[in-house]
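Single-letter residue listing:
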Amino acid sequence: MAAALQVLPCLARAPLRPFLWRSPGVRLASGMALAEQARQLFESTVGAVQPGPMMHRALSLDPSSGQLKVRDRSFQLRQNLYLVGFGKAVLGMTAAAEELLGQHLVQGVISVPKGIRAAMECTGKQEMLLKPHSRVQVFEGAEDNLPDRDALRAALAIRQLAEGLTADDLLLVLISGGGSALLPAPIPPVTLEEKQTLTKLLAARGATIQELNTIRKALSQLKGGGLAQAAYPAQVVSLILSDVVGDPVEVIASGPTVASVHNVQDCLHILNRYGLRAALPRSVKTVLARADSDPRGPHTCGHVLNVIIGSNALALAEAQQQAEALGYRAVVLSAAMQGDVKSVAHFYELLARVAAARLTLPGAGASVEEDEQLHELAAELQLPDLRLKESLEAVEGAKGPVCLLAGGEPTVQLQGSGKGGRNQELALRVGAELGRRPLGPVDVLFLSGGTDGKDGPTDAAGAWVMPELASQATAEGLDVATFLAHNDSHTFFRRFRGGAHLLYTGMTGTNVMDAHLLFLRPR
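It should be emphasised that the depicted structure is a prediction, and the values quoted were computed from it without experimental measurement.

Peer 1: Outline the packing of aromatic side chains, supporting the account with residue identities and numerical values.
Peer 2: By the definition in use, this model includes six aromatic pairs. Ring pairing ties together the aromatic residues Phe483, Phe492, Phe493 and Phe496, which thus form one cluster.

Okay, structure coming up:
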């Protein structure tokens, strides 16, 4: 089993370019708008997990001896270092690796999102770009985070490099969120289109990221330890920026350097659960049957070192510090927020009501019914790191504004053909629920944003809402329920107040899932 380390140091905040925030929001006594503070905290969250600082923390090179240190492990470099990578943060990770490793790097191949180099150049993020005469070949693909022919070409080039390595070589693998779509290499006779159709159907029916990755691994040449097997007998070091709840290395980018623990029966169970087994293409059935009788048995990855260098928890810790610097009592609720977006939205609505009551009427609390509903829903969501009791106690003891922070990746079951993303849908659902009845003498704002800067197939990172959203939308002739029924949250926010509540960041060059910020400020 490959070794796995957790590297979560307190990093200095990396500066970001100005974010486009289209509304000044409601002016506060302090002179800073609540919306402006929300933007500032989201910027801090993303800034904490920029690729450069994390890479410099994870790697160090002794120029005199040629010894590369990765945490407590050392590797001798002698014109034997190769690099591959795939993911939304990998361009910046590779630029940092080039700077650190210099002439020791022999060759590399990376697969990154379509348009990311142009986006980095446009925003002046030169630290995210490779040198003019780089030894790393860059492929761009997976437009809208969907596997495509460009990403397939990149995956095959990565496989070719890995298969050419020897026992004297060292392969540095850079992995971040979005890596799965950027490394599509289906096992023949399965085609890219067949694999993509199957994963789309699963996602539309509410399959979790873990379930999606189990299927992807079973049908992939490189996922589920396939890349590590291709590189054998070379030593492999994977530096991973996590975009998955709990940071399981076997799930991030579908675990290309981690041996899969799943078998064909696990795949069939998932397909049965979502009613897709009967509709499987013949090619998929062929590959699954072949895997079930593979005489080589499961892959092993004893020649691999997997290192987590950044995560959602690290980003939230930075946001917490920044919120406290702004005068908030800040608490991290969870870095593992997951489940159906409707349930997650209801959780945040109940949390806002219970917290608002405790903040404005210490000792009184919300209604017993709301308090019980909140705790019951928290239990149903099964969030392993949820600090609900501590958070509510902190709210009750606060003498001023409160900021509750969380991160994760809720799922959306598609029912309509609208345009949106999970962050915009979550924000819209929270806004609708908060407006059902008054919250008392407290200003409330909820923000949900994707740290990669791209929420679904839209150009927005997410959105922010306040309890007045539903009534204001009605006044503008917009019916929130209709937009939600069609999963059309982006269209709603574009029309609502001229797009003032959308969060635009452009590609951030990183990805550690989503950030959820709930602000409560007594009037």
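Peer 1: Pulling in residues and values, what's your account of the packing of helix H2 (residues 51-58) against helix H3 (residues 90-101)?
Peer 2: Put simply, H2 and H3 touch, their axes get as near as 8 Å, and they point 45 degrees apart. The orientation of H2 with respect to H3, classified from their angle, is oblique. Seen from above, H2 lies across H3 with right-handed handedness. For the pair H2 and H3, the contacting residues are Pro51, Gly52, Met55 and His56 in the first and Gly92, Met93, Ala96, Ala97, Glu99 and Leu100 in the second.

Peer 1: An account of the sheet that holds strand E4 (residues 67-70) is needed here, citing residue identities and associated values.
Peer 2: Ordered in space as E3-E4-E5, the three strands form an open sheet in which the pairing is antiparallel. Edge positions in the open sheet fall to strand E3 (59-62) and strand E5 (73-76), since each of these has one partner strand only. Recorded for the sheet is a direction-independent mean angle of 25 degrees between the axes of neighbouring strands. Relative to E5, E4 runs antiparallel, the two sharing four bridges. Of the residues in E5, the one forming a bridge with Gln67 is Gln76. Contacts from H2 reach E3 and E4 within the one sheet, and its direction differs from that of E3 by about 55 degrees.

Peer 1: Explain the pattern of salt bridges to me, using residue names and the numbers behind them.
Peer 2: Considering all chains together, one arrives at 18 salt bridges under this definition. Glu43 is the partner of Arg39 in a salt bridge, and the nearest nitrogen-oxygen pair spans 2.8 Å. Residue Arg39 and its partner Glu43 are both found in helix H1 (residues 34-47); the two are separated by four residues, about one turn of the helix. By relative accessible area, which is 12% here, Glu43 ends up buried. Where Glu409 meets Arg422, a salt bridge forms, and the shortest distance between an N and an O atom there is 3.0 Å. Placement of Glu409 in the loop between strand E13 (402-408) and helix H15 (422-434) and of Arg422 in helix H15 is noted, with a sequence separation of 13 residues between them. We classify Arg422 as partly exposed; its relative accessible area is 28%.

Peer 1: Residues and numbers for the packing of helix H12 (residues 341-360) against H15, please.
Peer 2: Following both chains from N to C, one finds H12 and H15 inclined at 45 degrees, their axes separated by 9 Å at the closest point. The angle between the axes of H12 and H15 places the two elements in the oblique class. Helix-helix and strand crossings are classified by hand; for H12 and H15 the assignment is right-handed. When H12 is examined against H15, the residues Val341, Lys342, Val344, Ala345, His346, Tyr348, Glu349, Ala352 and Arg353 are found in contact with a partner set consisting of Arg422, Glu425, Leu426, Arg429, Val430, Glu433 and Leu434.

Peer 1: Break down a negative patch on the surface for me, with residues and values.
Peer 2: On the surface, Glu369, Glu372, Glu376 and Glu380 cluster together into a negatively charged patch. Here Glu372 is to be found in helix H13 (residues 368-381). What makes Glu372 partly exposed here is its relative accessible area of 47%.

Peer 1: Talk me through the state of the cysteines; I want residue IDs and the actual numbers.
Peer 2: Evaluated as defined, the whole model comprises zero disulfides. As a non-bridged cysteine, Cys267 has Cys301 as the owner of its nearest cysteine sulfur, 17 Å distant. Cys267 gets classed as buried once you look at its relative accessible area, which sits at 3%.

Peer 1: An account of the nonpolar core is needed here, citing residue identities and associated values.
Peer 2: Within the largest apolar cluster, 54 residues are counted, with the highest numbers of intra-cluster contacts made by Phe347, Tyr348, Leu351, Leu404, Phe492, Phe493 and Leu520. The element that contributes the greatest number of residues to this core is H12, accounting for twelve residues. Once you skip the residues sitting within four places of it in the chain, Leu351 turns out to touch Leu333, Leu374, Leu388, Leu392, Leu404 and Leu518. Of all hydrophobic cores here, the second largest spans 40 residues; its members include Ala119, Leu170, Leu239 and Leu314.

How each quantity is defined
Residues numbered from 1 in each chain as written. Predicted model: local features only at pLDDT ≥ 70, side-chain atom pairs only at ≥ 80, totals over all residues. Heavy atoms only, no water. Phe/Tyr/Trp six-rings, centres within 6.5 Å; stacked < 30°, edge-to-face > 60°. Axes fitted to C-alpha atoms, helices over the stretch in contact; angles between N-to-C directions. Helix = DSSP H or I, 4+ residues; strand = E, 2+ residues; numbered from the N terminus. Parallel < 35°, antiparallel > 145°, perpendicular 65-115°, else oblique. Left-handed = near helix turned anticlockwise from the far one by under 90°. Contact = heavy atoms within 4.5 Å. Pairing = 2+ DSSP bridges. Salt bridge = Lys/Arg side-chain N within 4 Å of Asp/Glu carboxyl O. Buried < 20%, exposed > 50% of the residue type's maximum accessible area, 1.4 Å probe, protein only. Patch = residues over 30% accessible without salt bridge, like charges linked within 9 Å, V, L, I, M, F, W, Y side chains within 5 Å. Areas by Shrake-Rupley, 256 points an atom, 1.4 Å probe, with all protein chains shown as cover. Lys, Arg positive; Asp, Glu negative; His and termini not counted. Charge placed at Lys NZ, Arg CZ, Asp CG, Glu CD. Disulfide = S-S within 2.5 Å. Core = buried A, V, L, I, M, F, W, Y, C linked by side-chain atoms within 4.5 Å.

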